[in-house]
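Per-entry structural report
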Amino acid sequence: MTIPLPESFALTFRGYDREQVDERIDELLTEIRLLTADRDAAVAEAESLAQRLEQARSDNAALRARADRLCRTPADPAAVGDRVRHLLQLAHAEADGVVATARERAAAIIREAEETAARRLEDARAQMARETEYARRRAERLAAIEQRTADRLRKADAFLAEAADLLEGDPRLPAAA
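What comes next is a walk through the structure. (Residues numbered from 1 in each chain as written. Predicted model: local features only at pLDDT ≥ 70, side-chain atom pairs only at ≥ 80, totals over all residues. Heavy atoms only, no water.)

1. Section: the overall build of the protein
Secondary structure summary: the protein contains two helices and two strands in total. Walking the protein from its N terminus toward its C terminus, one meets helices and strands in the order β-β-α-α. In the protein, which comprises 177 residues, the share counted as buried stands at 2%. Taken as a whole, the protein presents about 16200 Å² of accessible surface, with 58% of it coming from carbon and sulfur. (Helix = DSSP H or I, 4+ residues; strand = E, 2+ residues; numbered from the N terminus. Buried < 20%, exposed > 50% of the residue type's maximum accessible area, 1.4 Å probe, protein only. Areas by Shrake-Rupley, 256 points an atom, 1.4 Å probe, with all protein chains shown as cover.)

2. Let's talk about the pattern of salt bridges
By the definition in use, this model includes six salt bridges. We note a salt bridge from Arg24 to Glu27, for which the minimum N-O separation is 3.0 Å. Of this pair, Arg24 and Glu27 both sit in helix H1 (residues 18–72), separated by three residues, roughly a single helical turn. With relative accessibility at 34%, the residue Glu27 sits in the partly exposed group. In this structure, the salt-bridge partner of Arg137 is Glu133, at a minimum N-O distance of 3.7 Å. Separated by four residues within a single helix, Arg137 and Glu133 lie in helix H2 (residues 82–169), roughly one turn from each other. Taking relative accessible area as the criterion, Glu133 reaches 30% and is therefore assigned partly exposed. Through salt bridges with shared partners, one network takes in Glu133, Arg136, Arg137 and Glu140. (Salt bridge = Lys/Arg side-chain N within 4 Å of Asp/Glu carboxyl O.)

3. Brief notes about a nonpolar patch on the surface
A surface patch of nonpolar side chains, about 260 Å² in accessible area, is lined by Ile25, Leu29 and Ile32. Relative to the helices and strands, Ile25 resides in helix H1. Take Ile25: its relative accessible area is 41%, and that puts it in the partly exposed class. (Patch = residues over 30% accessible without salt bridge, like charges linked within 9 Å, V, L, I, M, F, W, Y side chains within 5 Å.)

4. Some thoughts on a negative patch on the surface
Side chains of Glu19, Asp22, Glu23 and Asp26 sit close together on the surface and give a patch of like negative charge. Looking at where Glu19 falls in the secondary structure, it is placed in helix H1. (Lys, Arg positive; Asp, Glu negative; His and termini not counted. Charge placed at Lys NZ, Arg CZ, Asp CG, Glu CD.)

Structure below.
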């Protein structure tokens, strides 16, 4: 709350108008008292908020410690009230459901892996059979080629031997040393 200050006080015979100055001082003192009261209330509220904040921090730390303690030790349904017992039973049922779902998923993954492995094994066996058959046929072809080549070499040797015999008996040719 701001009260506008007069631009100047009225001049009288011996200085300023005393009544006007006293009124202005009373107004300023009233404003100072109001501002002081507002400041004191704000300081008190800040101190109260600081105390409440400290209390909330303390409560939070206590609750965290309690939650940690409760999480570390499993609760016995027989040692707690009905509502908590019911909540624990629900939690156990949900945990059992999660475990069952995880086991089902694991079994499905294992089945899928086994099926994939069986398919890959069958594919590998088929590939091996194809490659074995290909190698067998190639070996047969190479053996046939080898046989024909051996036959041709025998015929060529026989021909050369016959030619050598003929040449040795030819009187027109010089004798070989």
